[in-house]
Amino acid sequence: MDKILHQPLGGNEMPRFGGIATMLRLPHVPTAAGLDAAFVGVPLDIGTSLRPGTRFGPRDIRAESVMIRPYNMATGAAPFDSLAVADIGDVAINTFNLLDAVRIIEEAYDNILEHNVIPMTLGGDHTITLPILRAIHKKHGKVGLVHIDAHADVNDHMFGEKIAHGTTFRRAVEEGLLDCDRVVQIGLRAQGYTADDFNWSRDQGFRVVQAEECWHKSLAPLMAEVREKVGGGPVYLSFDIDGIDPAWAPGTGTPEIGGLTTIQAIEIVRGCQGLDLIGCDLVEVSPAYDTSGNTSLLAANLLYEMLCVLPGVVHR
């Protein structure tokens, strides 16, 4: 069967304030079959520890994606000229039971990954990355990780619970999902309970880039180091919007000052060009805390930039 190169609905075909709100105004299709990359929403927020609301993240990111056009003027990437991309909708999570929701997410991604497709996830709180990585591991084995976040998310537990949005990457290490020598965490900052809050990651072999290392500079040189560190195998990209300073992205549940800029965020994603990306997510958008919509707008653009660095994208 010939591949169908879906195109985003143009602003002259349907006003950008009209039509059905899909990611990038792409077609909504019921299955990942025949796709190279699939946008999928996971509207979960029962793993959060402070402000709720990420259940509305996927819907709002889609709504704010309407201005994004197909061709990347900065990089020359033309993702829709070579990749079959569509929006396959949301995972129907159990919003009353976190552990059951985690099971449902893993099973949904098992089904998605039966196809030769790269899942691009709209979160949802950061709990969702654990079941996604479980499904990814079944197909790809241990993966490298580029993780952008204000927090390391390596707590042993939260209120005695082993699975929540702050325990994701400790569980991923314990379960053997990550190639720990190919993991980088960028943007970590603020306060902790002990030095182990970040040092646990270092002890596993992660490269930890605290936010202070990023202040007042381009991150292009850092990303050359990142490519050297995580290359050589499949890589997952997980971007928590709270990695960005709340001056630019206030719509999140656990904001921390002193974070990355929007320009640095774009540099990070574009710096992943050439990696064997086999999945990515953008998590922790809570639209209620940013009535301007700018946090969701940023999230939508970062997801588009992720699409532009996937393997197989042509450049014009």
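An unreviewed UniProt entry lists the protein chain under the name Agmatinase, from Pseudomonas helmanticensis.

Our focus in this paragraph is the pairing of strand β1 (residues 37-42). Among the six residues of β1, six are classified as buried, and the element is accordingly described as predominantly covered. Both faces of β1 are covered, namely the face carrying Ala37, Phe39 and Gly41 and the face carrying Ala38, Val40 and Val42. With four bridges connecting them, β1 and strand β3 (residues 85-90) associate as parallel partners. Looking across to β3, one finds that alanine 38 is bridged to alanine 86. Where β1 meets strand β4 (residues 118-123), six bridges bridge the pair, whose relative direction is parallel. Counterpart to phenylalanine 39 in the pairing with β4 is methionine 120.

By definition, the strands of a sheet pair up through backbone hydrogen bonds, in either a parallel or an antiparallel sense. Ordered by their spatial adjacency, eight strands build an open sheet running β3-β1-β4-β9-β8-β5-β6-β7, and the pairing between neighbours is parallel. Bordering the open sheet on either side are β3 and β7 (207-210), each of which pairs with just one other strand. Neighbour-to-neighbour, the strand axes of the sheet open up by a mean angle of 15 degrees, direction not taken into account. The strands touched by helix α1 (residues 57-64) within the sheet are β1, β3, β4 and β9 (276-283), with β4 carrying the most contacts at an inclination of about 105 degrees. Seen against the sheet, helix α6 (residues 220-230) touches β5 (143-148), β6 (178-188), β7 and β8 (234-240) and runs at an angle of roughly 160 degrees to β6.

With that settled, the discussion passes to the pairing of β9. In terms of burial, β9 is largely enclosed, as seven of its eight residues are buried. Judged from the three bridges that link them, β4 and β9 form a sheet pairing that is parallel. Its bridge partner being in β9, leucine 122 is matched across the sheet by leucine 282. Judged from the seven bridges that link them, β8 and β9 form a sheet pairing that is parallel. Residue pairing across strands places valine 235 opposite leucine 277, the latter belonging to β9.

Time to look at the packing of α1 against helix α8 (residues 294-308). Two elements in contact, α1 and α8, have axes separated by 8 Å at closest approach and are oriented at 80 degrees. Considering their axes alone, α1 and α8 lie roughly perpendicular with respect to each other. Counted together, Asp60, Ile61 and Glu64 of α1 and Ser296, Leu297, Ala299, Ala300 and Leu303 of α8 form the full contact between these two elements. Residue composition of the contact of α1 with α8, grouped by class: five nonpolar, one polar and two charged.

Applying the stated criterion across every chain, the model contains zero aromatic pairs. Note that arginine 51 overlies the ring of tyrosine 289, its terminal NZ or CZ placed 4.1 Å from the centroid.

Overall, the coordinates contain zero disulfides when judged by the stated rule. Cysteine 272 supplies the cysteine sulfur nearest to cysteine 214, a cysteine that is in no disulfide, at a spacing of 13 Å. Here cysteine 280 stays unpaired: no disulfide links it, and the sulfur of cysteine 272, its closest cysteine neighbor, is 9.3 Å away. With relative accessibility at 1%, the residue cysteine 280 sits in the buried group.

Attention now moves to the side chain of arginine 25. Considering the arrangement of structural elements, one finds arginine 25 in the segment before β1. In this structure arginine 25 is buried but unpaired, with glutamate 13 as the nearest side chain of opposite charge at 6.5 Å. Within the structure, arginine 25 has its side chain in polar contact with the backbone oxygen of methionine 14 (distance 2.9 Å). A polar side-chain atom of arginine 25 sits 3.5 Å from the main-chain carbonyl oxygen of glycine 18. When residues no more than four places from it in sequence are discounted, the contact partners of arginine 25 are Gln7, Pro8, Leu9, Gly10, Gly11, Met14, Pro15, Arg16, Gly18, Ser65 and Val66.

Below, the discussion takes up the pattern of salt bridges. Using the criterion set out here, one finds 18 salt bridges in the structure. Across the pair arginine 103 and glutamate 107 runs a salt bridge whose closest N-O atoms are separated by 3.1 Å. Pair noted here: arginine 103 and glutamate 107 are both in helix α2 (residues 98-112), with a separation of four residues, about one helical turn. Residue glutamate 106 is joined to lysine 138 by a salt bridge in which the shortest nitrogen-to-oxygen separation is 2.7 Å. With glutamate 106 in helix α2 and lysine 138 in helix α3 (residues 129-140), this pair connects stretches of sequence that are 32 residues apart. Since its relative accessible area comes to 53%, lysine 138 is described here as exposed.

Another aspect to go through is helix α5 (residues 196-203). Along α5, the positions that sit buried rather than exposed are Phe198, Trp200 and Ser201. Here the buried residues of α5 occupy an arc of 150 degrees about the axis, which is enough to place them on one side. In this structure, the buried side of α5 is in contact with α4 (168-174), β6 and β7. Glycine 205, located one to two residues past α5, shows a positive phi value of around 105 degrees.

Parameters at a glance
- Residues numbered from 1 in each chain as written.
- Predicted model: local features only at pLDDT ≥ 70, side-chain atom pairs only at ≥ 80, totals over all residues.
- Heavy atoms only, no water.
- Buried < 20%, exposed > 50% of the residue type's maximum accessible area, 1.4 Å probe, protein only.
- Helix = DSSP H or I, 4+ residues; strand = E, 2+ residues; numbered from the N terminus.
- Pairing = 2+ DSSP bridges.
- Axes fitted to C-alpha atoms, helices over the stretch in contact; angles between N-to-C directions.
- Contact = heavy atoms within 4.5 Å.
- Parallel < 35°, antiparallel > 145°, perpendicular 65-115°, else oblique.
- Nonpolar A, V, L, I, M, F, W, Y, C, P; charged D, E, K, R; others polar.
- Phe/Tyr/Trp six-rings, centres within 6.5 Å; stacked < 30°, edge-to-face > 60°.
- Lys NZ or Arg CZ within 6 Å of the ring centre and 35° of its normal.
- Disulfide = S-S within 2.5 Å.
- Lys, Arg positive; Asp, Glu negative; His and termini not counted.
- Salt bridge = Lys/Arg side-chain N within 4 Å of Asp/Glu carboxyl O.
- Polar contact = N/O pair within 3.5 Å; in protein donor to acceptor, adjacent residues only side chain to side chain.
- Arc of directions from axis to C-beta.

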